[in-house]
Structures are given as C-alpha cells and as structure tokens.
Amino acid sequence: MMDVPFNHPAWIEVDLVQFKQNIHAIKQYIGSSVKLCLPIKSNAYGHGLVHIAHAAVAAKVDSLAVSCLQEGILLRQANIKIPILVLGAIHIEQIADFIDYDLEFTISSHFKAKMVAQACEFLNKTVKVHLEVDTGMNRTGVRVETGPMVLEFFRMHKCFILKGVYSHLATADEPDHPFSRRQVDKFLNFISEQGLRDNKDILCHLSNSAGLVSFPEANLDMVRPGGLAFGCYPNPYVPTELSVIKPCFAVRAKVSYFKTVLKGEGVSYSHSYVAQTNIHLLTVPVGYGDGLRRSLSNKASILLNGKRYPMVGNICMDQFMVDIGQDPGYVGNVVTIIGKDQDQDITIEELSQLANTHPYEILCGFNNRLPRVYHTETQSVWENVLTVEQMAE
Ligand SMILES: *Cc1c(COP(=O)(O)O)cnc(C)c1O
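The rules behind these values
Residues numbered from 1 in each chain as written. Predicted model: local features only at pLDDT ≥ 70, side-chain atom pairs only at ≥ 80, totals over all residues. Heavy atoms only, no water. Helix = DSSP H or I, 4+ residues; strand = E, 2+ residues; numbered from the N terminus. Rg over C-alpha atoms; globule rule 2.2 N^0.38 Å. Contact = heavy atoms within 4.5 Å. Lys, Arg positive; Asp, Glu negative; His and termini not counted. Charge placed at Lys NZ, Arg CZ, Asp CG, Glu CD. Salt bridge = Lys/Arg side-chain N within 4 Å of Asp/Glu carboxyl O. Buried < 20%, exposed > 50% of the residue type's maximum accessible area, 1.4 Å probe, protein only. Domains from an automatic or database assignment. Buried area = accessible area lost by both parts, 1.4 Å probe. Pairing = 2+ DSSP bridges. Near = heavy atom within 4 Å. Polar contact = N/O pair within 3.5 Å; in protein donor to acceptor, adjacent residues only side chain to side chain. Areas by Shrake-Rupley, 256 points an atom, 1.4 Å probe, with all protein chains shown as cover. Nonpolar A, V, L, I, M, F, W, Y, C, P; charged D, E, K, R; others polar. Expected span 1.5 Å × (residues − 1). Arc of directions from axis to C-beta. Axes fitted to C-alpha atoms, helices over the stretch in contact; angles between N-to-C directions. Parallel < 35°, antiparallel > 145°, perpendicular 65-115°, else oblique. Left-handed = near helix turned anticlockwise from the far one by under 90°. Core = buried A, V, L, I, M, F, W, Y, C linked by side-chain atoms within 4.5 Å. Phe/Tyr/Trp six-rings, centres within 6.5 Å; stacked < 30°, edge-to-face > 60°.

Caption draft 1: Quick peek at the overall build of the protein. Helix and strand counts for the protein stand at 12 helices and 22 strands. For 393 residues, the compact-globule estimate of 2.2 N^0.38 gives 21 Å, and the C-alpha radius of gyration of the protein, at 24 Å, lies within 12% of that figure. Taking contacts inside the protein between residues at least 6 apart in sequence as the whole, the part at least 24 apart equals 66%. Taking the 35 positively charged and 40 negatively charged side chains of the protein as two groups, their mean positions are separated by 2 Å.

Caption draft 2: How the structure looks around the pattern of salt bridges. For the structure shown, the criterion picks out 12 salt bridges. Where arginine 252 meets glutamate 13, a salt bridge forms, and the shortest distance between an N and an O atom there is 3.0 Å. Within this pair, whereas arginine 252 is found in strand β11 (residues 249-254), its partner glutamate 13 is found in strand β1 (residues 10-15), the two being separated by 239 residues in sequence. By the burial criterion, arginine 252 is buried, and glutamate 13 matches it. A salt bridge links glutamate 350 to arginine 308; its shortest N-O distance comes to 3.0 Å. Of this pair, glutamate 350 sits in helix α10 (residues 348-354) while arginine 308 sits in strand β17 (residues 307-312); the two residues are 42 residues apart in sequence, bridging distant segments of the chain. Overall, arginine 308 belongs to the partly exposed group, its relative accessible area being 33%.

Caption draft 3: Focus on the domain arrangement of the protein. By domain assignment, the protein separates into domain 1 (33-229) and domain 2 (249-392). Spacing between the C-alpha centres of domain 1 and domain 2 amounts to 37 Å. Listed as interface residues are 10 residues of domain 1 and, on the opposing side, 12 residues of domain 2. Of the roughly 840 Å² buried where domain 1 meets domain 2, counting both sides, 58% is carbon and sulfur surface.

Caption draft 4: Region of interest: the pairing of β17. Summarising the sheet, strand β16 (residues 301-304) and β17 pair through 4 bridges and their orientation is antiparallel. Of the residues in β17, the one forming a bridge with serine 301 is proline 310. Count of turn residues in the β16/β17 antiparallel hairpin: 2 residues, of which asparagine 305 carries a positive phi of about 50°. By the bridge criterion, 2 bridges tie β17 to strand β18 (residues 320-323) in an arrangement that is antiparallel. By the bridge assignment, methionine 311 is partnered in β18 with valine 322.

Caption draft 5: The site of the ligand, seen in detail. Near the ligand lie 13 residues; those nearest to it are Lys41, Tyr45, Ser209, Gly227 and Tyr360. Within the side chain of arginine 139, an N or O atom sits 3.2 Å from an oxygen atom of the ligand. Note that a nitrogen atom of the ligand is positioned 2.8 Å from one of the side-chain N or O atoms of arginine 224. Notes on the ligand: free accessible area 390 Å², of which the protein chains cover 92%. For the shell around the ligand, the per-class residue count stands at 5 nonpolar, 5 polar and 3 charged.

Caption draft 6: Representation of helix α8 (residues 178-193). Between the first and last C-alpha of α8 there are 23 Å, a value that for 16 residues agrees with the 22 Å anticipated at 1.5 Å per step. For α8, the full list of buried residues reads Ser180, Gln183, Val184, Phe187, Leu188, Phe190 and Ile191. All buried residues of α8 lie within an arc of 160° about the axis, which places them on one face of the element. Opposite the buried face of α8, at more than 90 degrees from it, the exposed residues are Pro178, Arg182 and Glu193. The inward-facing, buried residues of α8 abut β6 (127-134), α7 (147-156), β8 (160-166) and β9 (203-205). In the segment just after α8, glycine 195 is the residue with positive phi, at about 65°.

Caption draft 7: Examining the packing of helix α1 (residues 16-30) against helix α3 (residues 49-58) more closely. In contact at an axis separation of 10 Å, α1 and α3 are set at 50° when each is read in the N-to-C sense. Looking at the two axes, α1 sits oblique to α3. Seen from above, α1 lies across α3 with right-handed handedness. Between α1 and α3, the contacting residues are Leu16, Phe19 and Lys20 on the first element and Ile52, Ala55, Ala56 and Ala58 on the second. For the contact of α1 with α3, a count of residues per class yields 6 nonpolar, no polar and 1 charged.

Caption draft 8: Fine view of the nonpolar core. Counting residues in hydrophobic clusters, the biggest one holds 115 residues, and the most contacted among them are Ile40, Leu64, Val165 and Ile337. Of the domains in this structure, domain 1 (33-229) and domain 2 (249-392) are the two that each give at least three residues to this core. Discounting chain neighbours no more than four positions away, the residues touching valine 165 are Leu131, Val133, Leu151, Phe187, Phe190, Ile191, Leu196, Ile202, Leu203, Cys204 and His205. If you look at the next biggest cluster of nonpolar residues, it comprises 9 residues, including Ala275, Ile279, Leu281 and Met321.

Caption draft 9: Spotlight on the packing of aromatic side chains. In the structure shown here, the tally under the stated rule is 7 aromatic pairs. Between phenylalanine 249 and phenylalanine 366, the ring centres sit 5.8 Å apart and the planes meet at 50°, which makes this aromatic pair tilted. Of this pair, phenylalanine 249 sits in strand β11 while phenylalanine 366 sits in the loop between α11 (359-365) and β21 (372-375), and the two are 117 residues apart along the sequence. Ring pairs connect the aromatic residues Phe19, Tyr45, Phe230 and Tyr360, which therefore count as one cluster.

Right, here's the structure in full:
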C-alpha cells in the first residue's frame, strides 16, 4: 500500500482475484453453450473500466458491453480486442467512429436503422449491429410489432451485419413480479416467430443479473449480468452455485485529524450532530466530492480496528467525521468505509439501503479522485494516474 499516487490519503481497493472468481462462477453456472457478455458501463460499476476489462478478458468472458461510444473507444485504445457492444441509443454523428473502432452497436428503431443505412452508404462501410426489441421496459427498443419490419430492412440493406437480437427486463429485481415472466415469454415468442432462435449467427440475449438468477430458461445464446459479476446480488434468491460470488470493492482512508469535542458542541455543517458527552472525534478525508453520498450523513458507519463507529454530522465535500466515543484513534490510522475489517463488514447493500438508493448508484458514484489499487494473486497495481508533468503537457 506504500505508493498511493500523490500519497493520497484515501483509495479504492479492487480485489481482482475475487472478481475473476465471480466470472468463473457465472461461466460454470451458464455452461459452455451460453456466452457471457460482461456489462462494464459507468466505469465498470465504479471499479475502473480498463483494469476490469483486462481482467475480464483474462477470465475469458466472450464480450463486453458498455453504454456509449466513448466507453467503447476507451476500451479499444486500451488494446481490448474482444467484441464490444454499445447498449445505449446511438446518434448519427457517431456512426463513423463505431465503424473505425470496430464496435457493435444497438439499433432500437426503424428510424435509426434508416439513418445508419444512409451513413453506411455515404461511408461505403458495413456495421455490426444488434436489434433491441422492447418487451416492456419502455426505455429503448422497437416494439415487438415493428421488429419484423426492421429485420426485413436489415436483410434488404447489405451494410448491416446482424450480430444479435436482444431485450431488457424491467422488473426482474423483484423475483415474484409477474411482469418479468410476461417479458420473457414475449421475447421467446418473438425470436421463435422470426426464426432467430436456431440461427447460429445471430445471438439472442435477454438476461441481466436478475434474469440470470430467476429465469435460467431464458439464458438463450448469451447473458449480460453486470452487477452480479461485481458481487451485487439482484435478489436474495441466488442459487447456491453462485454463492461464491462476493463483492470485490473496498474504500479506505487514513484518519487525517483527531480532536476532543465537548458535550453540547455541534459537529460539521448545520450542526446536525451534537455531542451528548465529551467525545473523541476523527476526521476522514473522503466526502461527497469523491462519491460518498451526502444522504448517508448521520446514518453510515466506518470500521476502525475491526470495530464499528458512526459517521456523525453532515458529510462534507471532502471530509467526514466519526464519533469514536472514549476509544483511542490516531492520525494515520486506516479506516474502512466500504469493505471488511477483521470480522466486520460494511456492504454496498447496507449503504444503499441507508441512502435509500440502488447499490449500483453507490458503486458508480465513486469517481476518479480516489485512486484505485488492483490486487491480484501476486501484486497490487495502482491505476495509471497522470503525473503532474503529464498533466502539464
Ligand atoms: C445495465 C444493463 C445490463 C446489466 O444489468 P445488471 O443488473 O447489472 O446485470 C444488461 N443489459 C442492459 C441493456 C443494461 O443496460
């Protein structure tokens, strides 16, 4: 842990050994006839896009999915060679780059299909595309009724290389929600009616993490579990074969300040916490400017020496405070904000519940001010952080 970039006093730890174990468990579970496409959008759910991509390639995922063109380009620039699917809706001015960087992208309407065909004609190039069918998410995707027309449009225009047809589940996080079943059936019907199910060249895919866990019959040719690969269980009914899957993300920081606060004194902005007795108060250099949700103020805890203590007062942009009662605490002590310390654990789910949000939002909220260190079997590698000289160039 010695060479933190700039000796920054707070950092994110990503356990790549655990991450690869998660990938391995998913691969075992789906079997060799189903491909694994790993979604790594939003900086790989906060874990760091490029390092996770390289680890995923080493763990033999079949392809990667991202949300937008720029994430795809970053991966190609980092020398990632496996197929990359961009899931988000596209824009006309991006087509040339999709082609140049060999990125597969999503066509989600007849309008977009016509737009892409025109661009291809102008550029004299072909494109690798997936058709997204909306079976009830109502975000993007052609209606099931319109799907056949777009498929016909692809057939008539030689510029389209159709790589896949997919849909996305809206309610699978709630395992008993009847709508998921309807979406699964709607998609299965669509691909059967269109003769896609037995077509070896076109990948049919539907399941995200929640779908993978709840609808094994809908694995089809490929699955797209993102959160699960990072140790976030979509619901409590995860099969035992997948129970080796664990989070691989921790946030730690060094105590930057110690003081005694007297009974009756307020702490931090708005004095939302008032000491009930004389207390020892620690200051930790992580704040909402790093991605630590301010709504966790006076709710979350940290771990120090394997013991839990409450965060107190409003979380600031760059710091927060901890009430350690009468216990000792020293500048330089390492505290855990997310992750394990001895037999204690602060989980992403715990924080997401306290902040009244989704676990993914906790994860991808952490930005690049905290440097990330990647632990492998043999070494710990810090992500590339620009040196001052490089920044000046
Ligand atoms: C984000 C996303 C996924 C992955 O969802 P998880 O809940 O992380 O498994 C899969 N497919 C699409 C279209 C997505 O947008």
